[in-house]
Amino acid sequence: MSGTWITTRAWLLMLPLLIVMVAVIGWPLADTVQLSFTDAKLVGTSGSYVGFDNYLRLVSGNAFGRTLFTTTFFAVVVVTTEMVFGVLAALLLNQQFYGRTLLRALLILPWALPTVVNATLWRLIYNPEYGALNAALTQIGILDAYRSWLGEPGTALTALIVADCWKNFPLVAMIALAALQAVPRDVIAASYVDGASAFSRFRFVTLPYLAGPLMVALVLRTIEAFKVFDIIWVMTRGGPANSTRTMSILVYQEAFSFQRAGSGASHGARRRLRHRCKESCRERHLMERQSPLFRLFLHVAALLLAAVILAPLVWLFVMSISPAADLAAKPLKWWPATMDFSRYTVLLSTTENSAGAAFIASLRNSLMVAGMATLAAIALAVPAGWAVSRTPSVGWSLSVVIATYMLPPVALAVPLYMALSNFGLLNSVFGLALVYLTILAPFTTWLMKSGFDGIPREIEQAAVIDGASLWQTLRIITLPLAMPVVATSALFAFLLGWDEFFYALLFTSDQRAKTLTVAIADLAGGRVSDYGLIATAGVLAALPPVIVGLVMQRALISGLTSGGVKG
C-alpha cells in the first residue's frame, strides 16, 4: 500500500472531526476576531468597524489589569496547591496501612462532584448567617461573631481557592498514585539494599516515573484554572467589588450582561490480578518493616485526609435531611433530632408545575445533552484517533484539535450565540449538545489516540495479509481490542458534559433545555430560604457522576495516565 494512499486514508478518517471542529470552533473563533474590531451589540445592529478601539479601551482601563492579575493569581495558587497536596496524598496512599483501599475509593468523590454542586456546597458552608464554617469557628472560640467570607474582598478569593482546591486535588492525587503503582518493586527494593535515603529514593527512583503523568495533570489543571468560570459565578458573581472577577467573568459581563458583543469578543480574542498472592505477601512484608511510629503517622495522616474529603460531603447530606429550624439555629445543630427526607420527595415529584417537575425536566435535559454529545464525540474520535495513531505524518492535525481544548469558552460564546440564534437552536437540547463538542471532541480524540497506540500494529497487518479489508480489520480486530479505551473515553465525555455549566447558562432559558447545573445555580442564587432544599438538589445532582466515578475509578485514571506515558 503506497504512502500516499495511507496518508489520504488518514485524512478521510479525520475529515468528519475536522469538519465539526471548523464549524463549531474554527468559524466562531474567526468570527470572534472579526467582531472584536466592531461595536456590534449582542442583539440588534450588526455594528460598524471601529478598528482597535475595543482593544485600546480594554488595555487602558483599570479593570483589565486587575482582572488579569486576579486570573493569574488564582490559577497559579490553585494549581500549585493542588499539585503539592495531590502528590502528598498519592505518596500517602501508596504506603501500606489499614483502610487504604477504602480511602482510595473515597478520594474520587470530590473530583466526581459536579463543579456547580461543589460551588453551591461551599457557598452554603461560607454562608454569613447560617454557614457551617462560622458555626464551627465560633463554637471553638476562634471567632467572636459570624463573618461574610464571600462578601469581604480580603477573604472572598481565598475562599474560592479553598473550594477549587478541595475539588481538584484528588485528580492530581489519583494520576500520581497510578504512576506510583507503575514503579517496579524490584527497583525500590534495590534502592533499600543500596542504603538510599527516603529523599534519594523519591528523587532518583520515584520522580522519573511521576514526571510524565504529573505533566498531564499540570497541563490539564492549568488550562482549567485559567478558564475558570462556573465556581466563581455561582459563589460570588465576581464580587465583592470585583475582587474575584476573572477574565471569563469579565468577558461574560461585557458580552451578555452589558450586550457589547464587539467588546466582549476583543476580550475573548486575547485569551486563547497479576501475581496477586505474591504482591500481597510483599505488601505485608513492607508493613512489617515500618516502625510503630511511622505506622502511627500513616494512620493519623489517613484519618486527616479522610476528614478533609468527607466533612463537606457529609454536611451537604446532613443539610438535606435537617429541618429548616435546625439549620438556622445558633449554635448550629450538627445532626438533626429528627431526619426529614421530605425535600427528596418534593424534588422527585412529577406533579405538573411543581419544583419537582422542573427538577426532573432539568435532569432529563442533562442526560439527553450529555448523552448525545458523548455519542457524537466518540463517533468522531474513534476514526480520527486511529488515523493519527497509525499515520504519524498527520499527527500535527491532532495537535491543532487538542489546542482548541485550551480555548476558554468565552472566546467562542458570542458568535456561537449568534449562530444558534440564527438557526433557531437557542434553548435547544440538540443545539447545546452540538456546542458541547467543542469540549468533548478534542479530549476524547486524545484519549482514543493514546489507546490505539497501545494496540500492536502487527495484529492489523496480519489481518490485511490474510485478505481483510480496512473496515473488516477495524470492526473485527481493532475495535474489540479498543473497547476498554472507548468505554473510558465515553465515561470521561459524559462526565464533562454532565458538569458543563457555561454554555448551558448562556444558551438555555427555560425547561425545554435548561440543564441540571443551571437549575441548581438558579436555585442557589435565587431567593430560596430553605438551604436544605438547595443541599438536596446538590445531593441528587451529584449521584450519577459520583457513582460512575466510584465504579469506574481505575478505568478513568488509567485513561489519563496513558496519555502522559505515551504522549
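A closer look at empty space enclosed by the protein
Link 1 in the chain: The volume enclosed by the largest cavity comes to roughly 780 Å³.
Link 2 in the chain: Around the largest cavity sit 34 residues that line it, and Thr115, Glu224, Tyr405, Leu496 and Asp499 are the ones nearest its centre.
Link 3 in the chain: When residues of the lining of the largest cavity are traced back to their parent elements, those giving at least two are helix H4 (100-112), helix H7 (153-180), helix H9 (198-226), helix H10 (230-235), helix H20 (429-453) and helix H22 (470-499).
Link 4 in the chain: Considering only residue class, the lining of the largest cavity consists of 24 nonpolar, two polar and eight charged.
Link 5 in the chain: Domain assignment of the residues forming the lining of the largest cavity places at least three in each of domain 1 (1-47 + 344-529) and domain 2 (62-331).

Section: the layout of surface pockets
Link 1 in the chain: Taken as a whole, the second largest pocket encloses approximately 970 Å³ of empty space.
Link 2 in the chain: Residue lining of the second largest pocket: 32 residues in total, with Phe85, Phe169, Leu304, Leu305 and Val308 positioned closest to the centre.
Link 3 in the chain: Elements supplying a minimum of two residues to the lining of the second largest pocket: helix H3 (62-93), helix H5 (115-125), helix H6 (132-139), H7 and helix H14 (292-320).
Link 4 in the chain: In terms of residues, the lining of the second largest pocket owes the most to one element, H14, which gives 13 residues.
Link 5 in the chain: Looking at side-chain class alone, the lining of the second largest pocket contains 30 nonpolar, two polar and no charged residues.

Observations concerning the nonpolar core
Link 1 in the chain: In terms of nonpolar packing, the biggest core is built from 159 residues, with Met235, Phe501, Tyr503 and Phe507 touching the most fellow members.
Link 2 in the chain: Looking at which element gives the most residues to this core, the answer is H7, with 17 residues.
Link 3 in the chain: Here this core gathers at least three residues from each of two domains, domain 1 (1-47 + 344-529) and domain 2 (62-331).
Link 4 in the chain: When sequence neighbours within four positions are dropped, the list of residues in contact with Met235 reads Ala119, Trp122, Arg123, Tyr126, Leu150, Leu160 and Ala163.

Let's talk about the packing of H20 against H22
Link 1 in the chain: The N-to-C vectors of H20 and H22 enclose an angle of 150°; their axes lie 9 Å apart at closest approach. When the interaxial angle is binned, H20 and H22 end up roughly antiparallel. Classified by chirality, the crossing of H22 by H20 is right-handed. In contact with Tyr436, Leu440, Phe443, Thr444, Leu447, Met448, Gly451 and Phe452 of H20, H22 contributes Thr478, Ala482, Val485, Val486, Ser489, Phe492, Ala493, Leu496 and Gly497.
Link 2 in the chain: Grouping the constituent residues of the contact of H20 with H22 by class yields twelve nonpolar, five polar and no charged.

Quick word on the packing of helix H18 (residues 395-403) against H20
Link 1 in the chain: Viewed as axis vectors pointing N to C, H18 and H20 meet at an angle of 140°, and their least axial separation amounts to 8 Å. Classified by the interaxial angle, the pair formed by H18 and H20 is oblique. Here H18 and H20 pass one another in a crossing that is left-handed. When H18 is examined against H20, the residues Leu398, Val401 and Ile402 are found in contact with a partner set consisting of Pro442, Thr445, Trp446 and Lys449.
Link 2 in the chain: Among the residues making up the contact of H18 with H20, the classes are represented as five nonpolar, one polar and one charged.

Quick look at the confidence of the model for the protein chain
Link 1 in the chain: Of all residues in the protein chain, 86% have pLDDT values of 70 or greater, and the mean over the chain is 84.
Link 2 in the chain: Taken element by element, the protein chain is modelled with least confidence in helix H13 (residues 276-289), mean pLDDT 48, and with most confidence in H6, mean pLDDT 94.
Link 3 in the chain: Every residue in residues 269-288 scores below 50 in pLDDT, and together they form 31 contacts with partners more than four places removed in sequence or on other chains.
Link 4 in the chain: When the criterion is pLDDT under 50, residues 563-567 qualifies, and its contacts beyond four places in sequence or with other chains add up to twelve contacts.

Calculation criteria
- Residues numbered from 1 in each chain as written.
- Predicted model: local features only at pLDDT ≥ 70, side-chain atom pairs only at ≥ 80, totals over all residues.
- Heavy atoms only, no water.
- 1 Å grid on protein atoms, 1.4 Å probe; cavity = no way out; pocket = protein on both sides within 12 Å on 5 of 7 lines; lining within 4 Å.
- Points joined across faces, edges and corners; volume = space filled by probe spheres on them.
- Helix = DSSP H or I, 4+ residues; strand = E, 2+ residues; numbered from the N terminus.
- Nonpolar A, V, L, I, M, F, W, Y, C, P; charged D, E, K, R; others polar.
- Domains from an automatic or database assignment.
- Core = buried A, V, L, I, M, F, W, Y, C linked by side-chain atoms within 4.5 Å.
- Buried < 20%, exposed > 50% of the residue type's maximum accessible area, 1.4 Å probe, protein only.
- Contact = heavy atoms within 4.5 Å.
- Axes fitted to C-alpha atoms, helices over the stretch in contact; angles between N-to-C directions.
- Parallel < 35°, antiparallel > 145°, perpendicular 65-115°, else oblique.
- Left-handed = near helix turned anticlockwise from the far one by under 90°.
- pLDDT = per-residue confidence, 0-100.

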